[in-house]
Amino acid sequence: MISKLILGAGCFWGVEVLFEEMSGVKKVISGYAGGHTENPTYEEVTTGETGHAEVVEILFDPEVVTYEELLEVFWRNIDPTALNYQFADVGSQYRTEIFTVGPEQMEEALNSKDELEKSNKFDKPIVTAITEAPVFYIAEEYHQDFYKKQSARYKIYAEASGRKGFLEDTWGDE
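Given the structure is predicted, the values throughout are model-derived calculations rather than measurements. (Residues numbered from 1 in each chain as written. Predicted model: local features only at pLDDT ≥ 70, side-chain atom pairs only at ≥ 80, totals over all residues. Heavy atoms only, no water.)

Participant: Report on the packing of helix α3 (residues 67-75) against helix α4 (residues 103-118), specifying residues and quantitative values.
Facilitator: Think of two packed helices as two axes; the pair is described by the angle between the axes and how far apart they sit. Where α3 contacts α4, the axes come no closer than 10 Å and their chain directions differ by 40°. Overall, the two elements α3 and α4 adopt an arrangement that is oblique. Relative to α4, α3 is oriented so that their crossing is right-handed. Residues Tyr67, Glu68, Leu71 and Trp75 of α3 pack against Gln105, Glu108, Ala109, Ser112, Lys113 and Leu116 of α4. Grouping the constituent residues of the contact of α3 with α4 by class yields five nonpolar, two polar and three charged. (Axes fitted to C-alpha atoms, helices over the stretch in contact; angles between N-to-C directions. Helix = DSSP H or I, 4+ residues; strand = E, 2+ residues; numbered from the N terminus. Parallel < 35°, antiparallel > 145°, perpendicular 65-115°, else oblique. Left-handed = near helix turned anticlockwise from the far one by under 90°. Contact = heavy atoms within 4.5 Å. Nonpolar A, V, L, I, M, F, W, Y, C, P; charged D, E, K, R; others polar.)

Written out as C-alpha cells, the structure is:
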C-alpha cells in the first residue's frame, strides 16, 4: 500500500531532492496546496495572493520508510521558526506546513512538532503549521525534477539560498 505526505518547506526545487533518493519513496511531485484559487499557476502562486504554499507530495511505501522518518528529514531541512519565508525565499508561498492525510498522520505530525519544541534546538517558537491536507495541484512540468533538468541553475540557487549554512549551524554532525 502506498501512502502520501504533503509538505511545504520553502521552494519546492530544494525539497524534491531531499526525498527522491530515499529508500521507500516512490515519487515526489512538486505542486501547490493550501490556497483558495482553483488550478493555480506558478505565476499566480508567486504573487502570494492565492494563499497556496509551494509543496511536494511524497508517495511512499510505509513498510520501507515510515511517516515519522520522512518528518524527521523535513524538520532537519527547514527553519521551523521562520514565518512565511525559508532562507532566501520570502512570502507566504514559502511557508513551512505539514498537510496531513487522516487522523494518524495528524497525531504523528503534532507529536513530532512537540518533540522538536521540547528539544530546545531553537530559541524562537516553532511556527510550522500542521493542517489537514487540502486539494493538491501539480505544478507545471518544468518544475518537476528541476534539480535534474536544470542542474546548474539549481546548484546556484541551492548555494545562494542560505539553507546549507543554517542547517550546518543548527544540526552540525547530528
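Participant: How would you explain the side chain of aspartate 61 if you had to name every residue and give the values?
Facilitator: Within the fold, aspartate 61 resides in the loop between β3 (53-60) and α3. Here aspartate 61 occupies a buried position and makes no salt bridge, while the nearest side chain of opposite charge, lysine 26, is found at 4.8 Å. A polar side-chain atom of aspartate 61 sits 2.9 Å from the main-chain amide nitrogen of glutamate 63. Contact partners of aspartate 61, with chain neighbours within four places excluded, come to Met1, Ile2, Gly24 and Lys26. (Buried < 20%, exposed > 50% of the residue type's maximum accessible area, 1.4 Å probe, protein only. Lys, Arg positive; Asp, Glu negative; His and termini not counted. Salt bridge = Lys/Arg side-chain N within 4 Å of Asp/Glu carboxyl O. Polar contact = N/O pair within 3.5 Å; in protein donor to acceptor, adjacent residues only side chain to side chain.)

Participant: If you had to explain a negative patch on the surface to someone new, which residues and values would you point to?
Facilitator: Judged by side-chain charge, Glu68, Glu69, Glu104, Glu107, Glu108 and Glu115 come together as a negatively charged surface patch. For the negative patch, the secondary-structure elements that each account for two or more residues are α3 and α4. Counting residues per element, the negative patch draws most heavily on α4, which supplies four residues. Summarising the element assignment, glutamate 104 is placed in helix α4. With a relative accessible area of 63%, glutamate 104 lands in the exposed category. (Patch = residues over 30% accessible without salt bridge, like charges linked within 9 Å, V, L, I, M, F, W, Y side chains within 5 Å. Areas by Shrake-Rupley, 256 points an atom, 1.4 Å probe, with all protein chains shown as cover. Charge placed at Lys NZ, Arg CZ, Asp CG, Glu CD.)

Participant: Lay out the nonpolar core in plain terms, naming residues and giving numbers.
Facilitator: The nonpolar side chains of soluble globular proteins are, as a tendency, buried together. Core analysis: the biggest nonpolar cluster contains 39 residues, and Leu5, Leu7, Phe19, Ile58 and Ile98 have the highest contact counts within it. For this core, the leading source of residues is α3, giving six residues. When neighbours within four sequence positions are excluded, leucine 5 is seen to be in contact with Val56, Glu57, Ile58, Phe60, Tyr67, Leu70, Leu71 and Ile98. Membership of the second largest hydrophobic core comes to seven residues, among which are Ile29, Ala33, Ala53 and Phe136. (Core = buried A, V, L, I, M, F, W, Y, C linked by side-chain atoms within 4.5 Å.)

Participant: Can you lay out the packing of helix α1 (residues 12-20) against helix α6 (residues 151-160) for me, pointing to particular residues and giving the numbers?
Facilitator: Remark: α1 packs on α6, axes separated minimally by 10 Å, with the N-to-C direction vectors making an angle of 100°. Our classification of the angle between α1 and α6 gives roughly perpendicular. The segment α1 lies against α6, with Trp13, Gly14 and Val17 engaging Arg153, Tyr154 and Tyr157. Along the lines of polarity and charge, the residues of the contact of α1 with α6 split into four nonpolar, one polar and one charged.

Participant: Quick rundown of the pairing of β3? Include the residues and the values.
Facilitator: Most of β3 is tucked away, with seven of its eight residues classed as buried. One ladder, built from five bridges, connects strand β1 (residues 3-9) with β3; its direction is antiparallel. Bridging across to β3, serine 3 finds its partner in phenylalanine 60. (Pairing = 2+ DSSP bridges.)

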